[in-house]
Amino acid sequence: YYIPNRNDLNSRKKIQGDSDLEEFMRIANTPAVLAWERGSDGSPREFPGEIAVPFSGSNVSSMSTSTRGHIQKAFQTAVLARDEQLCVVSGTRYKQGSGNVEAAHIIPVAARQDSARDGAQKASGLLNLYDTRNGMLLESRLHTAFDSYLWCMDEQGIIHLSDAESDMAKINEYGLDKWNENTLQQLRIGEGPDAPTKETLRARYELFRSKVDSKKQKEQKKVLKKKKK
């Protein structure tokens, strides 16, 4: 949704197609991410609080720490509500203040340029990486392992582990074998306007495979280098 008239909440319009998006971009000039408490139909119940970050959500290096914290908190709150405070892999329930379960970005938010990540965002169709559709709840250890490309889910929600030799020790440390080829039952793919889409999951899985292939190529180079010696 966007609000053409900042003084009139009822002027809000929903972006439903390219023409709506073009009008929004024309009015916004330099778009900003907006955070608000949603009504039952997903529209604002109060005037949004502006967060001064690029609309793409991808260039986080220019954000202040407080701004990143503000937008991450809004993202976490939305994902917690959608996933019913449960890790989508283990079913572990969120405990406030413990840090045991966190909102993870499916397409990662990078502090530096990453062409593979940028390609994944484009393939996902997401304009804003803090969109609730780009989130899922994970136990903190599973979140760390996910961000390290030790595991990923495909567009059907089936979990796959990295097969890079250099990742085996970490996979064992995090106990990821028990989740291999399991299906994320809690992640309701494509069910509702705020749920992750198959396009987003497919884009993340392809990013995962490219990162794992890169690790394996580095491993092969090391082996060849040792043989030459």
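Further up the page is the structure itself.
Below, the structure is looked at part by part.

Definitions and cut-offs
Residues numbered from 1 in each chain as written. Predicted model: local features only at pLDDT ≥ 70, side-chain atom pairs only at ≥ 80, totals over all residues. Heavy atoms only, no water. Axes fitted to C-alpha atoms, helices over the stretch in contact; angles between N-to-C directions. Helix = DSSP H or I, 4+ residues; strand = E, 2+ residues; numbered from the N terminus. Parallel < 35°, antiparallel > 145°, perpendicular 65-115°, else oblique. Left-handed = near helix turned anticlockwise from the far one by under 90°. Contact = heavy atoms within 4.5 Å. Nonpolar A, V, L, I, M, F, W, Y, C, P; charged D, E, K, R; others polar. Phe/Tyr/Trp six-rings, centres within 6.5 Å; stacked < 30°, edge-to-face > 60°. Buried < 20%, exposed > 50% of the residue type's maximum accessible area, 1.4 Å probe, protein only. Lys NZ or Arg CZ within 6 Å of the ring centre and 35° of its normal. Salt bridge = Lys/Arg side-chain N within 4 Å of Asp/Glu carboxyl O.

**Let's talk about the packing of helix α3 (residues 115-124) against helix α6 (residues 198-228)**
Consideration 1: Running from N to C, α3 and α6 cross one another at 160°; their axes reach a closest spacing of 8 Å. Between α3 and α6, the interaxial angle falls into the category roughly antiparallel. The chirality of how α3 crosses α6 is right-handed. Along the contact surface, α3 presents Ala 116, Arg 117, Ala 120, Ala 123 and Ser 124, while α6 presents Glu 199, Thr 200, Ala 203, Leu 207, Ser 210 and Lys 211.
Consideration 2: Of the residues that constitute the contact of α3 with α6, the class distribution is five nonpolar, three polar and three charged.

**A closer look at the packing of aromatic side chains**
Consideration 1: Taken as a whole and assessed by the stated rule, the structure comprises three aromatic pairs.
Consideration 2: Aromatic pair Tyr 205 and Phe 208: ring centres 5.9 Å apart, planes at 35°, arrangement tilted. Taken as a pair, Tyr 205 and Phe 208 lie in helix α6 at a separation of three residues, close to a single helical turn.
Consideration 3: Looking at Phe 208, the relative accessible area reads 0%, which means it is buried.
Consideration 4: For the cation-ring pair, Arg 204 lies above Phe 146, with the distance from its terminal atom to the ring centre recorded as 3.8 Å.

**Some remarks on unusual backbone geometry**
Consideration 1: Located in the positive-phi region is Glu 84, a residue other than glycine, with phi close to 55°.
Consideration 2: Mapping Glu 84 onto the fold places it in the loop between α2 (65-82) and β3 (101-105).
Consideration 3: Exposure remark for Glu 84: the relative accessible area of 42% places this residue in the partly exposed category.
Consideration 4: The backbone phi angle of Tyr 149 is positive, close to 60°, even though this residue is not glycine.
Consideration 5: Here Tyr 149 lies in the loop between α4 (140-147) and β5 (151-153).

**A short note on the pattern of salt bridges**
Consideration 1: Scanning all chains against the criterion turns up 11 salt bridges.
Consideration 2: Taking the shortest distance from any N to any O, the salt bridge between Arg 202 and Glu 155 comes out at 2.8 Å. Taken as a pair, Arg 202 in helix α6 and Glu 155 in the loop between β5 and β6 (159-161) lie far apart in primary sequence, 47 residues in all.
Consideration 3: Overlapping salt bridges bring together Asp 163, Arg 209, Asp 213 and Lys 216 as one network.

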